[in-house]
Amino acid sequence: MSSERGNWGSNVGFVLAAAGSAIGLGNLWKFPYLAGKNGGGAFVVVYLGLIVILGFSLMLGEMVIGRRGKSDAFGAYNNIKKGWGFIGMLGILCCFIVYSYYVVIAGWIVKYIGMFIRGGLTEDPVLTFGNFIASGTSPILYSFIVVVVTAAIVLKGVSGGIEKASKIMMPILFVFMIVIVIRSVTLPNAIEGIKYFLKPDFSLITPAVIIAALGQVFFSLSLGMGAMITYGSYLPKDSNLIKSALYIPILDTVIALLAGLAILPAVFSFGLEPTAGPGLIFITLPRVFAAMPFGNVFGIMFFLLVLFAALTSTISLLEVVVSFVVDQLKLDRKKATILVSIIIAAIAIPNSHSFGPMADFKVFFGLNFFDFLGYLTDNILLPVGGLMLCLFVGYVWDKEDLKNELTNDGDIAFPLFSAWMIGIKYLGIQLLSLILLQAVGITGKKMSYSLVIIFMIQILFHVLENKRKVSAV
Ligand code: PFF
């Protein structure tokens with residue numbers, strides 16, 4: 001059965017593929033602009049803190065569900081505890097939606113590679129970018145290129161497609177990244193950008209910064225959407241989950257930090273603003289490349305590395321959905337991949353048009369199609385998925401059984417089991433509730449009261465659980 005589903009050829013292959021899923025536009029496009037917008041170092045410090053207290057724990061939580069459940073995200077939850085597959089279903093839905101807009105941004109990257117190959121900017125970057133994304137067909141065609149390439153890789157299966165592609169793209173990404181960082185930090189005045197990025201001004205840490213950083217931790221580590229469950233399900237029983245759950249967030253964070261160091265010092269060096277938001281790499285950065293000797297070469301390198309990062313993520317987004325169709329609907333991998341890709345391509349159209357012909361078409365809450373889907377995934381589906389994951393690992397899955405799975409029936413030591421549990425049960429649930437409460441408009445005092453009530457319920461559960469244990473003895 002497991003060989004039909006596919007398996008990783010090696011543990012290195014798995015780590016590279018999972019790191020590939022984590023490292024993506026979230027690191028290279030979103031993280032630098034979020035840091036640029038949210039106070040630089042202040043945002044970075046909060047982000048790093050959250051990776052440490054939550055990122056590792058949840059990564060391990062998802063991977064252990066996958067390896068034990070040995071199925072797609074829906075099937076894995078269900079296999080561990082009947083009736084809980086709906087959590088995985090939420091994740092699959094979330095991946096599907098994220099994929100439909102992720103390909104649009106990835107398409108812009110393809111366009112920019114072409115632009116730099118042809119010699120770089122020919123007019124003002126604001127106009128170049130604005131006109132391109134607003135045009136009806138061209139961005140759609142670029143996003144289709146991403147859909148087709150992603151499908152071609154996923155079609156080839158877990159070790160023959162995903163693992164192979166990750167093993168080629170990830171090392172190139174690392175090397176290009178190092179080159180760009182060295183170029184950026186050695187520019188005149190780069191130190192200003194480095195300071196802005198790495199020197200925290202603690203007074204800039206606000207609840208909004210914490211919430212932004214928390215959302216980013218989830219998105220960047222591909223958590224709460226079943227991606228690590230799906231990838232974990234292709235792992236053999238004797239693999240060391242604890243080690244892998246450490247490596248992947250470390251690699252992801254290193255790349256996010258390097259992305260900041262690749263972009264912000266260069267932006268400061270040329271006297272530009274770091275607060276451009278989503279346009280940072282499409283508007284501000286091309287200006288930097290235009291002003292730099294051999295800028296086009298660096299431009300091509302930079303956008304190629306972003307494309308590789310994006311592709312290893314789109315592969316995982318598609319794989320989550322395909323594995324569901326294969327495992328649950330019993331379609332073969334080829335048919336499943338083609339079917340899902342065609343639907344995605346269709347939904348990519350209104351997503352892309354949200355920057356042009358459909359910009360004024362508001363779906364809900366005054367948001368256009370692209371922004372609405374982004375809001376739905378980032379503020380609702382992702383935190384709900386994460387919260388459910390914490391509830392499942394913390395309260396639903398039998399502790400002994402979970403511990404056995406994590407430690408390969410006692411072969412691997414995991415002395416931090418209790419600390420990990422506390423992280424998931426208390427920190428995880430509190431922090432995710434915080435995102436959700438603010439997403440539904442409960443803020444200020446009301447938010448604090450709600451969090452206290454949740455905590456009290458948890459304490460009550462804890463007491464009841466202990467009583468049950470005592471009476472069982
Ligand atoms: N982690 C990816 C990024 O940082 O771009 C995005 C992502 C990929 C999220 C796959 C979720 C996922 F399942």
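Quick look at the structure, then. Bear in mind that the values here come from a model prediction, so they are computed numbers and not experimental data. (Residues numbered from 1 in each chain as written. Predicted model: local features only at pLDDT ≥ 70, side-chain atom pairs only at ≥ 80, totals over all residues. Heavy atoms only, no water.)

### Re the pattern of salt bridges
So, point 1. Inspection of every chain in the model, using the stated rule, returns 11 salt bridges.
So, point 2. Close ionic contact of arginine 68 with aspartate 401 constitutes a salt bridge, the shortest N to O distance being 2.9 Å. Of this pair, arginine 68 sits in helix H4 (residues 41–69) while aspartate 401 sits in helix H18 (residues 399–406), and the two are 333 residues apart along the sequence.
So, point 3. Look at the salt bridges and you will find they share partners, linking Arg67, Arg68, Lys237, Asp401 and Glu405 into a network. (Salt bridge = Lys/Arg side-chain N within 4 Å of Asp/Glu carboxyl O. Helix = DSSP H or I, 4+ residues; strand = E, 2+ residues; numbered from the N terminus.)

### Concerning the site of the ligand
So, point 1. The environment of the ligand is made up of 16 residues, and the closest members are Ala22, Gly26, Tyr102, Phe219 and Ser222.
So, point 2. Here serine 21 contributes a backbone N or O atom positioned 3.2 Å from a nitrogen atom of the ligand.
So, point 3. Within the complex, 100% of the 340 Å² of free accessible area of the ligand lies under protein.
So, point 4. Residues belonging to the shell around the ligand are distributed by class as follows: eight nonpolar, eight polar and no charged. (Near = heavy atom within 4 Å. Polar contact = N/O pair within 3.5 Å; in protein donor to acceptor, adjacent residues only side chain to side chain. Areas by Shrake-Rupley, 256 points an atom, 1.4 Å probe, with all protein chains shown as cover. Nonpolar A, V, L, I, M, F, W, Y, C, P; charged D, E, K, R; others polar.)

### Topic: the packing of aromatic side chains
So, point 1. Applying the stated criterion across every chain, the model contains 38 aromatic pairs.
So, point 2. Taking 5.2 Å as the distance between ring centres and 40° as the angle between the ring planes, the aromatic pair formed by tyrosine 196 and phenylalanine 268 counts as tilted. Taken as a pair, tyrosine 196 in helix H10 (residues 190–198) and phenylalanine 268 in helix H13 (residues 241–269) lie far apart in primary sequence, 72 residues in all.
So, point 3. By relative accessible area, tyrosine 196 is classed as partly exposed at 23%. (Phe/Tyr/Trp six-rings, centres within 6.5 Å; stacked < 30°, edge-to-face > 60°. Buried < 20%, exposed > 50% of the residue type's maximum accessible area, 1.4 Å probe, protein only.)

### Focus on unusual backbone geometry
So, point 1. One non-glycine residue, lysine 70, lies in positive phi territory at about 45°.
So, point 2. Judged by relative accessible area, lysine 70 falls into the partly exposed class, the value being 24%.
So, point 3. At phenylalanine 294, a residue that is not glycine, the phi angle is positive and equals roughly 55°.
So, point 4. Here phenylalanine 294 is to be found in the loop between helix H14 (280–291) and helix H15 (295–329).
So, point 5. By relative accessible area, phenylalanine 294 is classed as exposed at 66%.

### Some words on the environment of tryptophan 84
So, point 1. Following the sequence through the fold, tryptophan 84 ends up in the loop between helix H5 (73–80) and helix H6 (85–117).
So, point 2. On a C-alpha basis, the gap between tryptophan 84 and alanine 256 in space is 33 Å, while along the polypeptide they are 172 residues apart.
So, point 3. Setting aside its immediate chain neighbours within four residues, tryptophan 84 contacts Tyr77, Asn78, Phe392 and Val396. (Contact = heavy atoms within 4.5 Å.)

### Regarding the side chain of glutamate 319
So, point 1. With respect to the secondary-structure elements, glutamate 319 resides in helix H15.
So, point 2. Residue class for glutamate 319 comes out buried when judged on its relative accessible area of 0%.
So, point 3. Beyond its immediate stretch of four places on either side in the chain, glutamate 319 contacts Val154, Val158, Ile162, Thr230, Tyr231, Tyr234 and Arg333.

### Focus on the packing of H4 against H13
So, point 1. Put simply, H4 and H13 touch, their axes get as near as 9 Å, and they point 145° apart. Between H4 and H13 lies a crossing whose hand is right-handed. Taken together, the residues of H13 that come into contact with H4 (itself represented by Val44, Tyr47, Leu48, Ile51, Phe56, Met59, Leu60, Met63, Val64 and Arg67) are Leu241, Ile242, Ser244, Ala245, Leu246, Ile248, Pro249, Ile250, Asp252, Thr253 and Leu257. (Axes fitted to C-alpha atoms, helices over the stretch in contact; angles between N-to-C directions. Left-handed = near helix turned anticlockwise from the far one by under 90°.)

### Focus: H6
So, point 1. In this model, H6 (33 residues) spans 47 Å end to end at C-alpha, consistent with the 48 Å of a helix rising 1.5 Å per residue.
So, point 2. Along H6, the largest kink reaches about 25° and is centred on tyrosine 99.
So, point 3. Where burial is concerned, most of H6 is hidden: 28 out of the 33 residues are buried. (Expected span 1.5 Å × (residues − 1). Bend = angle between axes of the 7 residues up to and from the residue.)

### Digging into the side chain of threonine 253
So, point 1. The residue threonine 253 is located in helix H13 in this model.
So, point 2. Judged by its relative accessible area of 9%, threonine 253 is buried.
So, point 3. When sequence neighbours within four positions are dropped, the list of residues in contact with threonine 253 reads Tyr47, Leu48 and Ile51.

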